[in-house]
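Architecture and fold: a report
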Amino acid sequence: MIKKLLMLVVCVAVVAALVPSYVGAASQSEASEYDIAKTGVGAGIAQEQEYTQAINKLERFLSISETGNIVLDAPKGIINSIDSGIYQSLLAGLEQTNSMIDSGYLVCNPDFTLTVTEKYLESSSQYSEPILSSSGGIDDIVYRWWGFYLYLSSETCHALVLALGSGGGAAAIAAAILAAFGVLPGVVVAGIIAGVLAIGAVLINYYNRYDTGIVIRYHYFIGFTGIWSQ
């Protein structure tokens, strides 16, 4: 466990350079344009909206194969209407999700929501209790075909802010991420850690200003594209 944690912390410095700062206010946020500008994330709003629009367009063309995989078969006109980089990142997310389905960690429901399996819970439980008790942990994860949402309570936000300000933040965050994401590929986990580090204490505090926690939207291999208040 310690060796795995240390390897991930080392990976953070590399992955951080690859994870864009696509941090924007989603529609759920009550922040005004002035407030958003003060946080320095105003430029990320367009990116967040592009992802939302692309997902909404493509979800009409999803189906489930006989093997339980999610299949995307969108018309060429729809594909061409989406930024190529965003489309490719969504395809990468779909590939990762299907890989987790094939591995027995996720099951796709008829409405295309995803449910974690007993295998997933058993695989991740080995990391959870001693880590979560000291780091605050990740409170919930909701998988989607393109990636997932992270739900962090106010208590977890305070723990992360404290860790970020302690000088040993990367190790504490890595521990928290491992608690919930032990079954994910190491490079993806390292990307999540890098993303949290990139968001930083100021933005976590800002979006947790109501003490209700925050929600973060994560796309595999691209990084965070949204953060807002719960």
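Residues numbered from 1 in each chain as written. Predicted model: local features only at pLDDT ≥ 70, side-chain atom pairs only at ≥ 80, totals over all residues. Heavy atoms only, no water.

Attention shifts here to the packing of helix α7 (residues 154–165) against helix α9 (residues 186–207). Contact pair α7 / α9: the axes reach a minimum separation of 9 Å and the direction vectors enclose 115 degrees. In this structure, the crossing between α7 and α9 has a hand that is left-handed. Of the residues in α9, those touching α7 at Cys157, Leu160, Val161 and Leu164 are Val196, Leu197, Gly200, Ala201, Ile204 and Asn205. Of the residues that constitute the contact of α7 with α9, the class distribution is eight nonpolar, two polar and no charged. (Axes fitted to C-alpha atoms, helices over the stretch in contact; angles between N-to-C directions. Helix = DSSP H or I, 4+ residues; strand = E, 2+ residues; numbered from the N terminus. Left-handed = near helix turned anticlockwise from the far one by under 90°. Contact = heavy atoms within 4.5 Å. Nonpolar A, V, L, I, M, F, W, Y, C, P; charged D, E, K, R; others polar.)

The sheet built from four strands is open, its strands ordered β5-β6-β7-β8 with antiparallel pairing. Both edges of this open sheet fall to β5 (140–144) and β8 (223–229), since each of them pairs with a single strand only. For this sheet the average axis-to-axis angle between neighbouring strands, irrespective of direction, equals 20 degrees. Looking at chain direction, β5 and strand β6 (residues 147–152) are connected through five bridges and run antiparallel. Bridge assignment links tyrosine 143 to a residue of β6, and that residue is phenylalanine 148. (Pairing = 2+ DSSP bridges.)

Here we come to the packing of aromatic side chains. A complete count under the given rule lists nine aromatic pairs for this structure. Taking 5.3 Å as the distance between ring centres and 85 degrees as the angle between the ring planes, the aromatic pair formed by tryptophan 146 and tyrosine 149 counts as edge-to-face. Overall, the relative accessible area of 17% leaves tyrosine 149 in the buried class. Seen from their ring centres, phenylalanine 148 and tyrosine 220 are 5.5 Å apart, and the 75 degrees between their planes marks the pair as edge-to-face. (Phe/Tyr/Trp six-rings, centres within 6.5 Å; stacked < 30°, edge-to-face > 60°. Buried < 20%, exposed > 50% of the residue type's maximum accessible area, 1.4 Å probe, protein only.)

Before going further, it helps to spend a moment on the pairing of β8. The buried fraction of β8 amounts to seven of the seven residues, a majority that puts the element mostly inside the structure. Strand direction decides the pairing type here: strand β7 (residues 214–219) and β8, joined by six bridges, are antiparallel. Bridging across to β8, histidine 219 finds its partner in glycine 223. The hairpin turn running from β7 into β8, its antiparallel successor, is three residues long, and phenylalanine 221 in that turn takes a positive phi close to 70 degrees.

Moving on: the environment of leucine 94. Following the sequence through the fold, leucine 94 ends up in helix α5 (residues 84–102). Placed 25 residues apart in sequence, leucine 94 and asparagine 69 show a C-alpha to C-alpha distance of 9.3 Å. Apart from residues lying up to four places away in sequence, leucine 94 is in contact with Ile70, Leu72 and Trp145.

Here serine 229 shows up in strand β8. Serine 229 sits in the buried class, given a relative accessible area of 5%. Only 2.6 Å separates the side chain of serine 229 from the backbone oxygen of tyrosine 207, close enough to count as a polar contact. Once you skip the residues sitting within four places of it in the chain, serine 229 turns out to touch Tyr207, Arg209, Tyr210 and Gly213. (Polar contact = N/O pair within 3.5 Å; in protein donor to acceptor, adjacent residues only side chain to side chain.)

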